[in-house]
Amino acid sequence: MQREIIYDTLDSFLESLRNHSIRKISFSETSEKRAEQVEPGKLQVVHVERVDLIGYKDSVLYKCQLKNVDLNSLYDQLSAEGFDVTRRSRNIT
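Residues numbered from 1 in each chain as written. Predicted model: local features only at pLDDT ≥ 70, side-chain atom pairs only at ≥ 80, totals over all residues. Heavy atoms only, no water.

1. Details of the overall build of the protein
Logical step 1: Helix and strand content of the protein: two helices and five strands.
Logical step 2: Secondary structure elements of the protein occur, N-terminal to C-terminal, as β-α-β-β-β-α-β.
Logical step 3: By principal-axis analysis of the C-alpha atoms, the protein measures approximately 45 × 30 × 20 Å.
Logical step 4: Sorting the 93 residues of the protein into buried and exposed places 32% on the buried side. (Helix = DSSP H or I, 4+ residues; strand = E, 2+ residues; numbered from the N terminus. Buried < 20%, exposed > 50% of the residue type's maximum accessible area, 1.4 Å probe, protein only.)

Put into structure tokens, the structure is as follows:
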């Protein structure tokens, strides 16, 4: 049976990956302008910048979503720490 563990902070996510000997991370980034509902009946164009980090082992997904981070610095940090990082874009356009 598959399950998901969701982390609020990068540090706790990386610590868990290390504890489970996971070295591969999916780095799915979004960085674009999108229409979002800011209140009932009102849309506004906002800049969406977030990254979904995912690790996988033994039918368990380890996830961490971060918003408003420097994507390039985060990618470099993860690579420098020895993780095999696969970078993907989740932009709609």
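2. Things to note about the nonpolar core
Logical step 1: By size, the foremost hydrophobic cluster in this structure holds 19 residues, and its most contacted members are F13, L53 and L78.
Logical step 2: The set of elements that each furnish at least two residues to this core consists of α1 (10–19), β2 (24–39), β3 (42–57), β4 (60–67) and α2 (71–80).
Logical step 3: Residues contacting L78, with those up to four places away along its chain left out, are L14, I25, F27, L53, F83 and V85. (Core = buried A, V, L, I, M, F, W, Y, C linked by side-chain atoms within 4.5 Å. Contact = heavy atoms within 4.5 Å.)

3. Structural notes on α2
Logical step 1: Listed as buried for α2 are L71, L74 and L78. In a view along the axis of α2, the buried residues occupy a sector of 65°, so they form one face of it.
Logical step 2: Elements in contact with the buried residues of α2: α1, β2, β3, β4 and β5 (84–89).
Logical step 3: Remark: G82 follows α2 within two positions and exhibits a positive phi of approximately 95°. (Arc of directions from axis to C-beta.)

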